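# Analysis of the macromolecular model
Below are the chains, spelled out letter by letter.
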Amino acid sequence: SFVERALWSAEIMPDDSLLAQFDIAGLAPNALALEPQVAMAFGTSIQRVRLNASVQQWTALATQGDTREWALAGGLVDVTAAELEWGAANITGNGVFDLDDRSRLQGNLTVNVTDPDTLADTLVAADLASAESGQALRLAAMMAPRGPEGSSLSFRIQNEIVYLGPIPLGRLGGTPQD
């Protein structure tokens, strides 16, 4: 892997949260770590990834590193700002993630997609989504609130499946679901 530029800061706050920020530019992940369809769809270099988040109940997580205890204590990650520029994916958003009762990541970001048509075409061309799913994404984007940063869609993780709007993109650590 290669990183052109990386900035990172973290601070433990009085409310027992960890405020973390990072900004990475020119990230070229190891080609072996990317699924071939993902590399085909978006390329092998991520232009920018930025995240501002607060990890709630930090002491419960940092003391033992036990995510289950952290979740029981009310632990969650509040993403106040996220940005991804990677090929056809130009996305910003915010939301909350936590763990389900089986200690699996779950949550929802409200994301702004700058060009949902191009993103849908890219996902379909790379076999990451079916033609029907591409149409569903376009329709969801047409019906979604639109602002200067793009169409507002849901990006969610539920039962280890990743969704963008109405379409499943794949499993965490697995293959596409379409």
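Refer to the structure presented above.
Here goes a summary of the coordinates provided. These figures come from a predicted structure and were not determined experimentally. (Residues numbered from 1 in each chain as written. Predicted model: local features only at pLDDT ≥ 70, side-chain atom pairs only at ≥ 80, totals over all residues. Heavy atoms only, no water.)

This brings us to the overall build of the protein. Within the protein, the secondary structure is distributed over five helices and 10 strands. A compact globule built from 178 residues should have a C-alpha radius of gyration of about 16 Å, and the protein, at 17 Å, falls within 12% of that. Expressed as lengths along the three principal axes of its C-alpha atoms, the size of the protein is roughly 45 × 35 × 35 Å. Across the 178 residues that make up the protein, the buried fraction comes to 37%. Sequence separation of 24 or more characterises 49% of the internal contacts of the protein that already satisfy a separation of 6 or more. Carbon and sulfur atoms form 55% of the exposed surface of the protein, whose accessible area is close to 9700 Å². The average position of the 10 basic charges and that of the 22 acidic charges among the side chains of the protein differ by 3 Å. (Helix = DSSP H or I, 4+ residues; strand = E, 2+ residues; numbered from the N terminus. Rg over C-alpha atoms; globule rule 2.2 N^0.38 Å. Buried < 20%, exposed > 50% of the residue type's maximum accessible area, 1.4 Å probe, protein only. Contact = heavy atoms within 4.5 Å. Areas by Shrake-Rupley, 256 points an atom, 1.4 Å probe, with all protein chains shown as cover. Lys, Arg positive; Asp, Glu negative; His and termini not counted. Charge placed at Lys NZ, Arg CZ, Asp CG, Glu CD.)

Here the focus is the pattern of salt bridges. On inspection of all chains with the given rule, the structure shows seven salt bridges. For the salt bridge of aspartate 100 with arginine 104, the shortest nitrogen-to-oxygen distance reads 2.8 Å. A salt bridge links arginine 138 to aspartate 117; its shortest N-O distance comes to 3.9 Å. In this pair, arginine 138 sits in helix H5 (residues 131-143) while aspartate 117 sits in helix H4 (residues 116-125), placing the two residues 21 residues apart along the sequence. Several salt bridges share partner residues, and in doing so they unite Arg5, Asp23, Arg48, Arg50 and Glu83 into one network. (Salt bridge = Lys/Arg side-chain N within 4 Å of Asp/Glu carboxyl O.)

Before going further, it helps to examine the side chain of serine 54. Position of serine 54 among the secondary structure elements: in strand S3 (residues 46-55). By relative accessible area, which is 10% here, serine 54 ends up buried. Separated by 2.6 Å, the side chains of serine 54 and glutamine 56 make a polar contact. Excluding residues within four positions of it along the chain, serine 54 makes contact with Ser17, Leu18, Leu19, Leu76, Val77 and Asp78. (Polar contact = N/O pair within 3.5 Å; in protein donor to acceptor, adjacent residues only side chain to side chain.)

What follows covers the side chain of glutamate 83. Position of glutamate 83 relative to the elements: it lies in strand S4 (residues 77-86). With sequence-adjacent residues up to four places away left out, glutamate 83 is seen in contact with Arg48, Val49, Arg50, Ile91 and Thr92.

Moving on to the pairing of strand S9 (residues 161-164). Here S9 shows a buried face lined by Ile161 and Tyr163 and a second buried face lined by Val162 and Leu164. Examined bridge by bridge, strand S8 (residues 150-158) and S9 share four bridges and lie antiparallel to one another. Counterpart to phenylalanine 155 in the pairing with S9 is leucine 164. The turn joining S8 and S9, which pair antiparallel and follow one another in sequence, is formed by two residues; a positive phi near 55° is taken by asparagine 159. Two elements, S9 and strand S10 (residues 167-171), share four bridges in a ladder whose sense is antiparallel. Looking at the pairing, isoleucine 161 lines up with arginine 171 of S10. Where S9 folds back onto S10 in an antiparallel hairpin, the turn is made up of two residues, including glycine 165, whose phi is positive at roughly 60°. (Pairing = 2+ DSSP bridges.)

These figures come from the coordinates and say nothing about function on their own.
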